[in-house]
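# A closer look at the structure
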Amino acid sequence: MLSDLERWVGTFDFRIKPSHQEAPGLPIEQIIPRVSNLFNNGNAVKMYQSGSRALRVSQFRYDEAEGTLTLLMQLSDKRMADPVFADLESGTLRVEPKLEGEGIAVSAHFIIKTEPNVGSVDHYKTVIECVPGITKSVFEPFLNWLLRTSYENEEFVSELTNRKYKLRPVLDVISHTSQTLEESLAGSRLQGIRLISTNRVDGMDKNPYTETVEKVIRLKVVKQPGRTGKVRLLNSLWERGKRQGYNKVSISYSKDGKQSSLDFDVREDAATKLFTKMEKVILPDGIGQCEEQIHEDLREKMVRILNA
């Protein structure tokens with residue numbers, strides 16, 4: 001569950017490049033007006049799952065003087081269970097049902113620096129409010145859809161072949177990494193560990209009639225190891241996974257009231273692998289699970305992180 005007094009913020013790079021290698025560069029200042037036009041026309045929304053799930057840009061703010069673009073992204077889903085409230089003393093439950101056409105909603109703030117990183121022409125530092133549901137695997141495809149739609153029917157003429165090609169920006173989201181496994185798990189409580197093996201039924205990579213089968217060992221942590229003990233425990237499971245043919249390890253843990261997970265390939269070196277830089281932001285006046293407008297206090301503190 002999200003706290004109403006704090007948020008975690010992750011630091012990333014947005015790499016924006018043309019979809020065709022011969023295309024001219026697409027600096028973000030050229031892209032912003034097109035996305036703004038899409039937003040102003042009410043088209044910065046995409047429906048999923050036969051109309052039961054929606055992802056949209058609900059607020060859009062370009063501050064040219066500050067050099068930032070702020071997006072408030074909203075996810076709403078009809079399929080999520082109705083919220084349930086419990087009386088703290090009696091334990092009596094109250095269900096608040098969704099109305100017709102409604103879905104459970106969450107929102108996340110994105111702040112993008114519009115000046116490219118030093119030494120780069122296409123990497124833009126970005127800070128993102130981390131909330132359940134709006135993960136990289138969700139927002140990266142949506143933002144790429146937004147860019148494609150903004151450049152629909154746009155073309156360029158190649159100087160090499162004199163042929164016309166589609167012109168559109170492509171976004172890659174790259175984590176700013178600053179923490180080792182030991183640093184990431186410091187002060188945390190391990191909840192569970194999974195060893196996962198995924199294999200195609202017939203071993204064929206591109207057959208549309210095959211499916212992936214998972215074999216999973218679930219381990220419950222009944223006694224919490226110390227800081228260095230956590231890493232030793234995980235390293236031993238890494239070795240077990242390699243020996244027994246597992247190819248992934250997933251760790252669930254809680255830290256500072258936040259539930260998180262880390263996923264690895266067993267071939268990776270856990271001791272040297274780095275993780276996304278995360279910072280906790282305190283919001284004394286509170287923040288909702290889903291904000292209708294840009295939250296000014298959170299935005300101000302995210303801009304400080306962006307400029308640090």
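Numbering of residues starts from 1 in each chain and follows the order in which that chain's sequence is written. In view of the model being predicted, local features appear only for residues whose pLDDT reaches at least 70, and side-chain atom pairs are presented and counted only at 80 or more, with totals across whole chains, interfaces and linings using the full set of residues. For side-chain calculations, the full set of non-hydrogen atoms in the structure is used, while hydrogens and water are omitted.

### A word on the overall build of the chain
Strands here are runs of E lasting at least two residues and helices are runs of H or I lasting at least four, both read from the DSSP assignment and numbered beginning at the N terminus. Counting its regular elements, the chain contains 5 helices and 18 strands. Classification of the 308 residues of the chain by burial places 39% in the buried group. Taking as baseline every contact in the chain between residues at least 6 positions apart, the subset at least 24 positions apart corresponds to 68%. Accessible surface area values rest on a Shrake-Rupley calculation with a 1.4 Å probe, where residue burial reflects the displayed protein chains alone. Accessible area for the chain stands at about 17,700 Å²; split by element, carbon and sulfur atoms hold 48% of it. A 1.4 Å probe rolled over the protein chains alone gives each residue an accessible area, and that area as a share of the maximum for its type sets the label: buried under 20%, exposed over 50%, partly exposed in between. Any pair of residues with heavy atoms lying within 4.5 Å of one another is described as a contacting pair.

### Thoughts on the confidence of the model for the chain
Confidence scores labelled pLDDT are given residue by residue by the predictor and lie between 0 and 100. Scored by pLDDT, the chain comes out at a mean of 86, with 90% of its residues at no less than 70. Low pLDDT, under 50, characterises residues 200–206; the predicted model gives this stretch 10 contacts beyond four residues in sequence or across chains.

### Side note on the side chain of Lys230
Within the element layout of this structure, Lys230 appears in helix α4 (residues 227–243). Under the relative-accessibility criterion, Lys230 is labelled buried at 5%. Beyond its immediate chain neighbours, meaning those up to four positions away, Lys230 contacts Leu185, Ser188, Leu190, Gln224 and Pro225.

### A closer look at the layout of surface pockets
There is about 290 Å³ of room inside the second largest pocket. Put simply, the grid is 1 Å and covers the protein atoms alone, a cavity is a trapped set of points that fit a 1.4 Å probe, a pocket is an open set with protein on both sides within 12 Å along at least five of seven lines, and lining residues have an atom within 4 Å of a point. In this structure, the second largest pocket is lined by 19 residues; those nearest its centre are Ser76, Glu102, Gly103, Ile104 and Ala105. At the level of secondary structure, the elements contributing two or more residues to the lining of the second largest pocket comprise β3 (53–63), β4 (68–77) and β7 (104–113). No other element matches the 3 residues that β4 contributes to the lining of the second largest pocket. Grid points are joined across faces, edges and corners, and a volume is the space filled by probe spheres set on the points.

### A short note on unusual backbone geometry
Positive phi, close to 50°, is recorded for Gln49, a residue that is not glycine. On the accessibility criterion, Gln49 (48% relative accessible area) is partly exposed. Here the phi dihedral of Asn162 falls at roughly 65°; this positive angle occurs in a residue that is not glycine. Following the sequence through the fold, Asn162 ends up in the loop between β9 (155–157) and β10 (164–166). On the basis of relative accessibility, which here comes to 64%, the residue Asn162 falls in the exposed class.

### Observations regarding the packing of aromatic side chains
Each aromatic pair joins two rings of Phe, Tyr and Trp (for Trp, the six-membered one) with centres within 6.5 Å, and gets the label stacked for planes under 30 degrees apart, edge-to-face for over 60, and tilted for any other angle. Going through the model one piece at a time under the given rule, you end up with 4 aromatic pairs. Ring plane angle 25° and centroid distance 5.8 Å describe the contact between Phe142 and Trp145, whose orientation is recorded as stacked. You can see Phe142 and its partner Trp145 sitting in helix α2 (residues 136–150), 3 residues apart, about one turn around the helix. For the pair Phe142 and Trp145, a shared accessibility class is recorded, and that class is buried. Of note, Lys46 hangs over the ring of Tyr48, and the distance from its end group to the ring centre comes to 5.5 Å. Cation placement over rings: the criterion is NZ of Lys or CZ of Arg within 6 Å of the ring centroid and within 35° of the ring normal.

### Some details on the environment of Gly67
Secondary-structure assignment places Gly67 in the loop between β3 and β4. Judged by relative accessible area, Gly67 falls into the buried class, the value being 14%. If near-sequence neighbours (up to four positions away) are discounted, Gly67 is found in contact with Ile112, Lys113 and Thr114.

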